[in-house]
Amino acid sequence: MAAVVMGRVIRAAAGHRGAELFGFRPTQRRLKTAARFYGKDAASAFGHLLGVADPESDRQQIPPAVSFNKAEQENLLVHKPDQPENPKVLRVAIIGAPNAGKSTLSNQLLGRKVFPVSKKVHTTRCQAQGVVTEGDTQLILLDTPGLISRLKMKRHDLEKSLLQDPWDSMQMADLVLVLVDVSDKWTRHSLGFEVLKCLFLHPKVSSVLVLNKVDLLKKKSILLDLTWELTEGIVKGKKLNVKSVIKTSADAGEGNTSPLWASSSKEETSGTPGSLFSDELADYTDRLQTEKQQLRDLREKKGWPLFQDVFMLSAVNGEEVHTLKKYLLTLARPSPWEFHSEVLTTQSPQDICDNIIREKLLEYLPQEVPYNVIQDTVLWEEGPSGELVILQVLLVQKESHVKMLIGRGGQQISMIAQEAGKDLMNVFLCDVLLKLSVKLKR
Ligand SMILES: Nc1nc2c(ncn2[C@@H]2O[C@H](COP(=O)(O)OP(=O)(O)OP(=O)(O)O)[C@@H](O)[C@H]2O)c(=O)[nH]1
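Residues numbered from 1 in each chain as written. Predicted model: local features only at pLDDT ≥ 70, side-chain atom pairs only at ≥ 80, totals over all residues. Heavy atoms only, no water.

The protein carries the name GTPase Era, mitochondrial in an unreviewed UniProt entry, which gives Microcaecilia unicolor as its organism. In its Function (unreviewed entry) section, UniProt records this for the protein: "Probable GTPase that plays a role in the mitochondrial ribosomal small subunit assembly. Specifically binds the 12S mitochondrial rRNA (12S mt-rRNA) to a 33 nucleotide section delineating the 3' terminal stem-loop region. May act as a chaperone that protects the 12S mt-rRNA on the 28S mitoribosomal subunit during ribosomal small subunit assembly." We quote the UniProt Sequence similarities (unreviewed entry) comment for the protein here in full: "Belongs to the TRAFAC class TrmE-Era-EngA-EngB-Septin-like GTPase superfamily. Era GTPase family." (UniProt positions renumbered as here; feature names shortened; annotations may be inferred.)

Novice: Describe the pairing of strand 5 (residues 175–181), listing the residues and the values that go with them.
Specialist: Summarising burial for strand 5: seven of the seven residues are buried, a large majority. For strand 2 (residues 88–96) and strand 5, the ladder comprises five bridges, and the chain directions are parallel. Within the sheet, the bridge partner assigned to I94 lies in strand 5 and is L177. By the bridge criterion, seven bridges tie strand 5 to strand 6 (residues 206–212) in an arrangement that is parallel. The partner of V176 across the bridge, within strand 6, is S207. For the crossover from strand 5 across helix 7 (residues 193–200) to strand 6, the handedness is right-handed. (Buried < 20%, exposed > 50% of the residue type's maximum accessible area, 1.4 Å probe, protein only. Helix = DSSP H or I, 4+ residues; strand = E, 2+ residues; numbered from the N terminus. Pairing = 2+ DSSP bridges. Right-handed = clockwise from strand over helix to strand, strands pointing away.)

Novice: Give me the lowdown on empty space enclosed by the protein, citing residues and values where you can.
Specialist: Applying the stated rule across the entire model yields two cavities of 30 Å³ or more. In this structure, the second largest cavity encloses a volume near 30 Å³. Along the walls of the second largest cavity sit A65, V66, S67, Q73, L76, E342, V343, L344 and T345, which together make up its complete lining. Considering only residue class, the lining of the second largest cavity consists of five nonpolar, three polar and one charged. (1 Å grid on protein atoms, 1.4 Å probe; cavity = no way out; pocket = protein on both sides within 12 Å on 5 of 7 lines; lining within 4 Å. Points joined across faces, edges and corners; volume = space filled by probe spheres on them. Nonpolar A, V, L, I, M, F, W, Y, C, P; charged D, E, K, R; others polar.)

Novice: So, the pairing of strand 6: which residues are in play, and what are the values?
Specialist: Moving residue by residue along a regular strand, the side chains alternate between the two faces of the sheet. Summarising burial for strand 6: seven of the seven residues are buried, a large majority. The pairing of strand 6 with strand 9 (residues 307–312) spans five bridges and is classified as parallel. Paired with V208 across the bridge in strand 9 is D309.

Novice: Can you tell me about the packing of helix 4 (residues 102–110) against helix 12 (residues 321–331), naming the residues and giving the values?
Specialist: Relative orientation of the contacting elements helix 4 and helix 12 amounts to 75 degrees, with a least axis distance of 10 Å. Relative to helix 12, the element helix 4 is oriented roughly perpendicular. Packed against helix 4, whose contacting residues are L105, Q108 and L109, the element helix 12 presents V321, L324, K325 and L328 at the interface. Here the residues of the contact of helix 4 with helix 12 sort into five nonpolar, one polar and one charged. (Axes fitted to C-alpha atoms, helices over the stretch in contact; angles between N-to-C directions. Parallel < 35°, antiparallel > 145°, perpendicular 65-115°, else oblique. Contact = heavy atoms within 4.5 Å.)

Novice: Summarise the nonpolar core; cite the residues concerned and give the values.
Specialist: With 61 residues, the main nonpolar core has L105, L177, L328, L405 and F428 as its most contacted residues. Top contributing element to this core by residue count: helix 15 (residues 411–428), with eight residues. Residue contributions to this core reach at least three from each of two domains, namely domain 1 (3–18 + 348–440) and domain 3 (80–334). By size, the runner-up hydrophobic cluster in this structure holds 41 residues, among which are I140, L196, V310 and V343. (Core = buried A, V, L, I, M, F, W, Y, C linked by side-chain atoms within 4.5 Å. Domains from an automatic or database assignment.)

Novice: I'd like a description of unusual backbone geometry, backed by residues and values.
Specialist: For E232, which is not a glycine, the phi torsion comes out positive at approximately 55 degrees. Tracing the backbone through its elements, the reader meets E232 in the loop between helix 8 (222–231) and strand 7 (234–235). Classification of E232 as partly exposed rests on a relative accessible area of 33%. The backbone phi angle of L429 is positive, close to 50 degrees, even though this residue is not glycine. Tracing the sequence through the fold places L429 in the loop between helix 15 and strand 13 (432–440).

Novice: Hey, could you go over the packing of helix 13 (residues 349–364) against helix 15 for me, with residue numbers and the actual values?
Specialist: For any two helices packed against each other, one specifies the crossing angle of their axes together with the interaxial distance. Here helix 13 crosses helix 15 at 140 degrees, and the two axes come no closer than 9 Å. As judged from the angle between their axes, helix 13 and helix 15 are oblique. Judged by the sense of rotation from one axis to the other, the crossing of helix 13 with helix 15 is right-handed. Every residue of helix 15 that contacts helix 13 at P349, I352, C353, I356, I357, E359, K360, L361 and Y364 is listed here: Q412, M415, I416, E419, A420, D423, L424, V427 and F428. (Left-handed = near helix turned anticlockwise from the far one by under 90°.)

Given below as structure tokens:
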């Protein structure tokens, strides 16, 4: 049985794939269209992106689109970075348990959804990089799969990348954001052994605790207890002063680049990742002597006393993400940029497409069904009006799964195609015609 469903062609009123790189001329007409589509501020920023003199302001920076042309995207990745005179870089790994919100946070920091997000665990299958370029600074975000144990990987027959990639990200990072889902009553009281092990074995990487999903908490006061538990009552090498935490959290405004955190000491820190706490870390490592002993001790631990700062935010609605972003930008160190400012992600256009379709499969199909779908892109081309035309075949192993995927009257697959098409339009900023076909794998 097979079904072919077409995603609706969606109008990308903002004038397609951004910059002059793609041969677009920055016209006032395009800016007006952008104003209709995105709002006035964004239209100004779009003008800025296109190289048009910004008539009113350049307050807001619109992230670049990703080219749907594989060669163009690859070319851009090897393009000499257009860096300013004093470039700065911070490489940020984002780790945490599956479903903590790592990809949601990455997307918010990037300002465009390039990583897949879903309620089901293991949405992210391998490490991917996102690039935020602001002023003279480049933040390189290393989005990773949720940390799992070797045992779990074997038991659930999961790919090796799920185990290896978070570790690889840590090797590359200057700073790690440890995300905890505070709405999960069962897991929120401990960072988990895998996270602790990762932190312990990468002592040079500064760490910041991020308490995510605060929007789901009825009683916000629990955040203080959780902070205490997950930091062992120590942040920036100082004992926590709960009173000042409450005050600082409540007072933190938009323009405030300091974290929602205050230690009991008035002492200033240098803000240089990797250079802090070396003494405390040495003490700490001394206490855990043999490797066996170290691991045994870590298994009994819940928190990490070497966090540099703590943030409390809601990645899904962007609450306080701006504060975190500003904080990260201030920590960047002088270093040549690694990417051209037009690069938003290192993923190939096809990978982005596969991930987005997979995200919808995870959202709409029950239990293990989406994990067994094989995706095969059989057509990827530019249509006569510049639209992106994609045909992807979804191969499944059971007749019952074919039916589930297609849904009554084709409703299910049609919705998946429409939603994925809409997301792809927002990544590539062009019209997208997505066709999905479901087939039984013989
Ligand atoms: N309410 C709420 N939901 C959130 C927040 N952040 C993420 N989510 C939701 O949590 C689910 C998991 O988010 P992801 O970003 O896919 O989580 P992840 O950590 O990347 O997951 P894995 O790829 O499985 O490791 C999604 O349904 C998100 O919409 C938040 O701040 N508040």
